[in-house]
Amino acid sequence: MRQLTAAGPTVAVAVVLAGAVGAQELTGNPWSDMDYGPFKVHSYIVEPGNNANKGIAIRVDDGPGGVAKGAEFLLFDTDTLRWAAGWTGPGFMDWNSINYNGRHVVEPAIVGDMVFTNPDAPGWSRAGNDFHDTRITGRGGRRFGPQDPGVARWLGHYVHGDQVVLQYRVGTTEVLELGASEGGGLFSRTLNIGPRNADLVLQVANQQGGRAWTDGEAAGFRKPRPNAPDRGEHSGPTVAALVRAPAVVQWVEGDGDHLRLSVPAGDEPVRFKVVIGRRGRSNAGFLAQTAGVEPAVDLERLTRGAPSRWTETVTTESRVLGRRNGPFELEAITTPLENPYRAWMRLGGFDFLDGGKRAVVATWMGDVWIVDGLGGEEIGAVTWKRFATGMYEPLGVNTRGGEIFVTSRDQITRLHDLNGDGEADHYEAFNHDAQASAHFHEFAVGLETDDEGNFYYAKGAGHDFDARVPQHGTVLRVAADGSATEVIANGFRAPNGLVVNPDGSVIVTDQEGHWIPENRINWVEPGTFHGYMRAWREPDRGPNDFVQPVTWIHHDVDRSPSAPVWVRSRRWGQLDASLIYLSYGNGRMFSVLFDQAFPTTDGPPRQAAVVELPVTAAPTGLIRGRFNPADDHLYVCGLFAWAGDRTQPGGFYRVRRTNQPLRIPRAYETARDGIVVRFTSELDPETAADPGNYSMRIWQYLRQASYGSEDYRVLGEGVGDDDLAIPSATLSADGRAVFVEIPDILPVQQYHLEMNLRSADGERVREFIHGTIHELGTRDGAEILAGSD
Amino acid sequence: MLVASVWAVAAVAQPGSRDTVFEHRGLVLFLRSLETGTTDTRVARLAALHVPRNQPASPFLDPGPFEAIFRGAVEIDLNDSFRFTVRGNGDVHLRIGGEVVLEQETLRANDKPTSTAREVRLRKGYNSIELVYRSPPSGDASVRLSWSNDFLPEEPVPPAALRRTASPELDRALARRDARRLVADAMCARCHPVAAAPGEPPHAMPELAAAAPDLDGVGSRLHRGWIEQWLLDPRSVRRHARMPRLLSTDPTEARTQAADLAAYLVAAHRDGDDQAAPPATSGAAGALADGHRLYAEIGCAACHGDPTSPPPLDAAHRLLAPDPAADDETDDPALRLRDKWEPSALVRYLRDPTKFDPWSRMPRVELEAAEAASLAAYLLAPAAAGGAAPAGASPTTATSGRAGDPERGRRLADEFRCRSCHSLSDGAPPPSASPIGELTGRPSTWSGGNTDASHPRYELDPARAAEIERFLGEDASSLARTVPAEYAERRIRSGGCLACHARDGVPAAWSPSLSATARAASEDSAADDFVVSTEDEVGPDHLPPDLTLTGEKLRSDWLALFVAGRLDHRPRPHLRVRMPAFPSRADTFAAGLHHQHGLPASPALNPSVDAELAAIGRDLIRGDRLGCHSCHALGEEPALGGEGSEETINFALTRPRLRRAYFDRFLRDPQRIMPGSKMPQFVDEDGYTALYDVFDGEAERQFEAIWQYLGTLD
């Protein structure tokens, strides 16, 4: 038994200590001490001007601790299907990334001695096609996204122990490939190439001005790489050699900057190795070294599942956090912040399995865990089992049809446990259309489905530069079979969660920043633009030609909104079928009310307001939520990254609706002369009728290219807000609705109606409605009140 | 002997009805000596005061026991209930909304406050408030009023919520203070001694120590023509000039005198210190751009305005022409920088304005030599070249045309007693004239339009002149007293602090985001396609701090060093605007800010550390715990690099800098103190942080551990 501390009380955790971590050097930094497993996907800077935007960095030397603690590495870019680099440590990368060392406006670079690199260009070509690049050209001239799938298509990878087998298609030719170390700084590529209906050329290494030579099975450069260190036998120019290759596989001669192999058309599969290293003192020495290299193996046998590697599970006890006996209780499904893998448990998304008895939880650091033991009336001990690793900042999970889909920045991955041992063996690229760059703010968030099974997720835009690719700042729809991706709306800055409505529209949040004066909730119809001028857009779109949010949200109320969630729970009573959203900024939850002055049957809601739900603030920011069909309760998860109030790294929670009465606003309607607010319970008539118990402040924002906005007065000049007079307040006959008379009410970007009341049973009701009025209702408040009983 | 029951006074002095309009900020503070019955009235920012033993509560009261009545209203925007707490020592009595909510209570010590027995219901809008305080018979006197409720941890009733009415009584009291300040500003005491009681000089009004600029070497610094014009009519050159008119009332004679004096000053007072770096060549576009940027960024524009906006506080002069073609502000000396300064002397002056004028209103701002040269180049360049001066204006050293007689000028310097205020090393100051209390009956000295050249002529409006006359006749003894709280308030206003700092709910008069010059400068370096620019972010973390709570926030010793410019580091190096140095009487200033909050100067820093707690604190601040280290550097150890880490203060500065009570209050609810800050709020409404594994999540104990850890940082 091992005592671990986590988000809840000290818990007894049944784990077997990982025995293989040995004498790894731990830095104390969670990002570089985490055992990511044998690979880590990210966007990496290889060299100046050479990024691997969807790079699988693979550790190829033996040893404990995963890729972060390795000494020899290969980097494969799944967009170009090229090996971007092979290098040796010490060091793996510089960890300059928002999700590693927390730095902003940086991109991570691999560090160490480069044995070989290839430029940001396709790794395969049809002969004579001169490596034509079919990726889109982004603003600024760089290439992004996958190649034309008819030319080259990434299919995914298999994990077998420490081995990572890549699967892709070149034209119609299936390829399995394994990168490995042959020791002593010698890398190998094992290629299993299927039948070919065309001659193919594959890129092995590149060096500007390298003056390539070929000689039978070997090829190389005459000049060492610039600034190559002197490592004795392992120094010198980059060279490569074929190992047991069929005769048809030949080095391409005559290209001074490249080492390339030609693989002619043919019906027979070919299998061979190519080794890449440094020449040492002579070619003869290098060839002698390669002579000992084992021949290529059949990689298909590594694609059938592998023995478990994450055998240690962690069991935790749940506990209630904060206040009890309120209308909601927040119950921590205690997250194993300490675990055998030093996994940094910053939770980014989840969905349920087995009808809600289990959950699939992804972490921003790239893991997927299975949490077992949920859905009962009482949650006791739950077991956390590591299921998958190494993914690229996953922030969305969906278990459509019982399968596990994960949104990462590079792709939507379908995870397969091929041998039923509780771990993913196959990371299938279900949809690889993402146009990824290394930009730190380009998060891919959420994963929701519509009735047809199509997937939806949102993608952040540049922090403060014009979008490089059409997917920057968008909501995306992925066909149910993963075959295509469509931008359904754009103009978003930093969305952090979305929900799909039955009619196909989408609700998505966005964050204050450049061009976005405050946080907001957007109702998104296909084809709409939402105002972030540095998102991808039509060049001539004017700055005021955009769809207004249904409400702005001032950062004092919520400094960072995340996922909207439709309530689907009978337990929630009057709030069933209503919309709520979660806050990354303060770990709270809010109810979203739509102005009842404008029926939504004919289109999107005109405007909305938010009301804080009486739920204890979670120790983390909250970013995803779903109702569990097993127990009809809301589950939420979240994390801390930056700019939030709740700083525990990650957490998973159940929000229990208790049988205690709820005393909050549940509906409102703007009138010509005020606002009618309907509550979930009866109000004390005396306090409700006292206009001094209400205040109405209004202000507006300056939407500008610079960050955020001050609050500006509406009725006067300058910074500040205005108080609107409230001469009367009238309680409805049923005691549940109040007409707050505001004769000067007017359309305004932001209002904050605060109420300090008592319920009929004497409890304090201190609530606010915070929202936007694009247009006032046309009825008098008294008329609304009379009809509302 | 006590002259009356304070409670009886309170009973007859209730403020007006609920309809009373409390249109001004602050509370009215009535003060009365309990020994002599002397009274005074002023405005208090908070319902708080602190008076050290043997010091007066007001410059118009003798030291000794006193009664203080704070009166006005608490304004709230929603009916609400609060528990009021009074801390301090002495007797207190609190009335809110006309009801007594605290009967007479005697506070024995600061750590044993008294609170209202129940929450007091306040109505939306104004709620009259009256806090009556009677100091103990001897020793320090302190009182401060705070409030709290279920949603609001205890805090001083904030200045932004306190309102008062106008009253003739207060107007008279304020006019009396204004006269006192004017007399000090006019440097009357340089000639006319203030009768100080034994032991009182340390408490004498600090401004009385002020001297006019040192004129040794002035011939190397200023152009002769400008000196002549200044001598003839200082206020034609600078609207707020303190220098009186002295020369003959006959214009011809005055011009001759000015020429003679200027000749004397220029000839006899060259210091040969011309080797300093001249301004960068005006044609050097890079230097002009640098100077332009510096002017916009470091805060020059905060006081001096920019081409599109006049000086925000009307206290400094405009340095930049608003419209070269249209404006001819001949009475605005700011446009005459090139007329006034020898270029290299301007560079020296910009680096340290206090070198020749220790009491200069222009503070010292840390500038590298090259920066000063660029700034001078920008200020002196013709507008057509992108600089400040209007097109068509040309530098001139034109004089009256008279050569001037230096010897006659020297005699005039004696005659006009120049050495009383200015240092001129070729002669001694003249002997003192009659005591300041005997100066009444000379209204011509103060008011405009007089023709009596036998005295300095300040040319004030008649009402102010009359007020000064009255002051000198009745209250000149107040010049011998210092009340640090009032001194601090005067310095806040005269130092231009409110140009850059928000305070008491009033935004700063200037901010970089509002400066057209700053905008222009930043647009020069517009971000390209791949460069992220966050330079234009404006929020509380990017602006000089709000000064509302400075008096309870900062430690006295640190604050005094900081204000005096004697720290060897900048606590907020990310701010491009630079905090100027105000070296004179910074300790009194710091003490005065504390006194405004009802607090004494902070005791010496306690360096002891509980090692066990400190170790827990070190763990708590880790990047993956409370996350403090993500944004805050720990001494030499840099921040881990989270967003906002460039805008934070090194944790090594926390304990030397902050009072402990403020540290706790800030951590408990940062947004309450600094709305919009990126600082997380760690504590929930029940007083727990998210880290339940340490002290069961109790925030108070966790913060104590962090405080202990901070004590280990050097």
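Note that the coordinates shown come from a computational prediction; the quantities given were computed from them, not determined experimentally.

As a further point, take the overall build of chain A. When helices and strands are tallied, chain A shows 4 helices and 56 strands. For 789 residues, the compact-globule estimate of 2.2 N^0.38 gives 28 Å, and the C-alpha radius of gyration of chain A, at 29 Å, lies within 12% of that figure. Taken along its principal axes, the extent of the C-alpha atoms in chain A is 100 × 65 × 45 Å. In chain A, which comprises 789 residues, the share counted as buried stands at 60%. Residue pairs at least 24 apart in sequence account for 62% of intrachain contacts in chain A once pairs closer than 6 positions are excluded.

Quick look at the overall build of chain B now. Scanning chain B from N- to C-terminus turns up 27 helices and 13 strands. In chain B, which comprises 714 residues, the proportion classed as buried is 47%. Contacts in chain B between residues far apart in sequence, at least 24 positions, make up 72% of those at least 6 positions apart.

This next bit is on the environment of Val249 of chain A. All names here are of chain A. Among the structural elements, Val249 can be located in the loop between strand 18 (238–243) and strand 19 (250–251). Val249 gets classed as partly exposed once you count the C-beta atoms within 10 Å, which come to 19. Taking the C-alpha atoms as reference points, Val249 and Val201, 48 residues apart in sequence, are found 9.6 Å from one another.

Before going further, it helps to examine the domain arrangement of chain B. All names here are of chain B. The domains assigned to chain B are domain 1 (6–166), domain 2 (173–209 + 435–480), domain 3 (218–385), domain 4 (484–508 + 544–596) and domain 5 (611–710). Taken together, the 8 residues of domain 2 in the interface contact 7 residues of domain 3. Here the side of domain 2 that touches domain 3 is built from residues that sort into 4 nonpolar, 1 polar and 3 charged.

Our focus in this paragraph is the confidence of the model for chain B. Parts of the prediction with low pLDDT should not have their coordinates interpreted in detail. All names here are of chain B. Per-residue confidence for chain B gives a mean pLDDT of 82, with 81% of residues at or over 70. The spread of mean pLDDT over the elements of chain B runs between helix 1 (residues 6–12), the lowest at 37, and strand 4 (residues 48–51), the highest at 98. Every residue in residues 389–397 is under pLDDT 50, and counting partners more than four places away or in other chains gives 24 contacts. Within the model, pLDDT remains below 50 along residues 514–537, and this stretch shows 45 contacts once partners closer than five positions in the same chain are excluded. Scored as a whole, the predicted complex attains pTM 0.86, and scored at its interfaces, ipTM 0.80.

This next bit is on the nonpolar core. By size, the foremost hydrophobic cluster in this structure holds 230 residues, and its most contacted members are Leu75, Ala240, Val361, Val371 and Val740 of chain A. Shared between two domains, this core takes at least three residues from each, and those domains are domain 1 (34–303) and domain 2 (665–786) of chain A. Once residues within four sequence positions are removed from consideration, Val371 of chain A is found in contact with Ile333, Arg358, Ala359, Val361, Val382, Trp384 and Phe652 of chain A. Counting 142 residues, the second largest nonpolar core, distinct from the first, contains Phe70, Leu102, Val266 and Leu288 of chain B.

We now examine the sheet that holds strand 49 (residues 665–671) of chain A. Residues and elements named next belong to chain A. With antiparallel pairing, 4 strands are arranged side by side in an open sheet as 49-50-54-53. Two strands in the sheet have a free side with no partner beyond their single neighbour: strand 49 and strand 53 (728–731). When the angles between neighbouring strand axes are averaged without regard to direction, this sheet yields 20 degrees. Pairing between strand 49 and strand 50 (residues 674–679): 6 bridges, direction antiparallel. From the neighbouring strand, Pro665 faces strand 50, where its bridge partner is Phe679.

Looking now at the environment of Pro224 of chain A. All names here are of chain A. Examined against the element boundaries, Pro224 turns out to sit in the loop between strand 17 (218–221) and strand 18. The exposure class of Pro224 is partly exposed, given the 17 C-beta atoms found within 10 Å. Linking Pro224 and Ser181, residues 43 residues apart in sequence, is a C-alpha distance of 21 Å.

The strand order across the open sheet built from 5 strands is 33-34-35-36-40 (chain A), with neighbouring strands paired in mixed fashion. Two strands lie at the open edges of the sheet, namely strand 33 (444–449) and strand 40 (528–529) of chain A, each paired on one side alone.

Attention shifts here to the environment of Thr616 of chain A. Looking at the element boundaries, Thr616 of chain A is found in the loop between strand 45 (608–612) and strand 46 (624–627). For the pair formed by Thr616 of chain A and Asn206 of chain A, sequence separation is 410 residues and the distance between their alpha carbons is 57 Å.

Domain boundaries in chain A define domain 1 (34–303) and domain 2 (665–786). A straight line from the C-alpha centre of domain 1 of chain A to that of domain 2 of chain A covers 63 Å.

Residues and elements named next belong to chain B. Two numbers describe how helix 6 (residues 251–268) lies on helix 12 (residues 406–415): the axes approach to 7 Å, and their chain directions differ by 100 degrees. Comparing the axis directions of helix 6 and helix 12 gives the class roughly perpendicular. Of helix 12, the residues touching helix 6 (which contributes Gln257, Asp260, Leu261, Ala263, Tyr264, Leu265, Ala267 and Ala268) are Pro406, Arg408, Gly409, Arg410, Leu412 and Ala413. When its residues are assigned to classes, the contact of helix 6 with helix 12 shows 9 nonpolar, 2 polar and 3 charged.

Scoring rules and cut-offs
- Residues numbered from 1 in each chain as written.
- Chains lettered and ligands numbered in written order.
- Predicted model: local features only at pLDDT ≥ 70, side-chain atom pairs only at ≥ 80, totals over all residues.
- Helix = DSSP H or I, 4+ residues; strand = E, 2+ residues; numbered from the N terminus.
- Rg over C-alpha atoms; globule rule 2.2 N^0.38 Å.
- Buried ≥ 20, exposed ≤ 12 C-beta atoms within 10 Å, placed from the backbone.
- Contact = placed C-beta atoms within 7 Å.
- Domains from an automatic or database assignment.
- Nonpolar A, V, L, I, M, F, W, Y, C, P; charged D, E, K, R; others polar.
- pLDDT = per-residue confidence, 0-100.
- Core = buried A, V, L, I, M, F, W, Y, C linked by C-beta atoms within 7 Å.
- Pairing = 2+ DSSP bridges.
- Axes fitted to C-alpha atoms, helices over the stretch in contact; angles between N-to-C directions.
- Parallel < 35°, antiparallel > 145°, perpendicular 65-115°, else oblique.

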